[in-house]
Amino acid sequence: MLFGLRGHVRGLMRVKLVRQDHRSNLYWKPAKDKIGPGQTVFAMSVFAFALLVPAGWIMHHIPVYRQRPPPQV
């Protein structure tokens with residue numbers, strides 16, 4: 001019975017050791033290179049484009065999906 005308990009205690013110690021070694025990659029210093037308004041607008045428009053174009057394509061093709069017969073299994 002004690003051998004089984006020792007295994008659980010060792011497992012808990014391993015988990016504790018692994019959790020202590022974890023470090024976050026957070027930095028408090030400001031960025032080395034400043035990002036201008038042009039780069040900010042470009043990055044935000046690419047992000048919006050990447051999100052909205054697929055959604056728009058799906059919304060545009062909803063009538064086609066409704067008319068298509070269901071797949072037969």
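Residues numbered from 1 in each chain as written. Predicted model: local features only at pLDDT ≥ 70, side-chain atom pairs only at ≥ 80, totals over all residues. Heavy atoms only, no water.

J.: Summarise the overall build of the protein chain; cite the residues concerned and give the values.
T.: Secondary structure summary: the protein chain contains three helices and zero strands in total. Reading the helices (α) and strands (β) of the protein chain from amino to carboxyl end gives α-α-α. Surface accessibility of the protein chain: about 8200 Å² in total, with carbon and sulfur atoms responsible for 68%. (Helix = DSSP H or I, 4+ residues; strand = E, 2+ residues; numbered from the N terminus. Areas by Shrake-Rupley, 256 points an atom, 1.4 Å probe, with all protein chains shown as cover.)

J.: Before we move on, could you go through helix 2 (residues 37–60) and cite the residues and values that matter?
T.: Under the 1.5 Å per step criterion, the end-to-end length of helix 2 is 33 Å for 24 residues, consistent within 8% with the ideal 34 Å. Of all bends in helix 2, the biggest is about 25°, found at L52, and the proline P54 comes one to four residues later. Of all 24 residues that make up helix 2, zero are buried, and the element is exposed over most of its length. (Expected span 1.5 Å × (residues − 1). Bend = angle between axes of the 7 residues up to and from the residue. Buried < 20%, exposed > 50% of the residue type's maximum accessible area, 1.4 Å probe, protein only.)

J.: A description of the confidence of the model for the protein chain should follow, citing residues and the corresponding values.
T.: Per-residue confidence for the protein chain averages 80 on the pLDDT scale, and 67% of its residues sit at or above 70. Averaged pLDDT values over the elements of the protein chain bottom out at 59 in helix 1 (residues 2–21) and peak at 96 in helix 2. (pLDDT = per-residue confidence, 0-100.)

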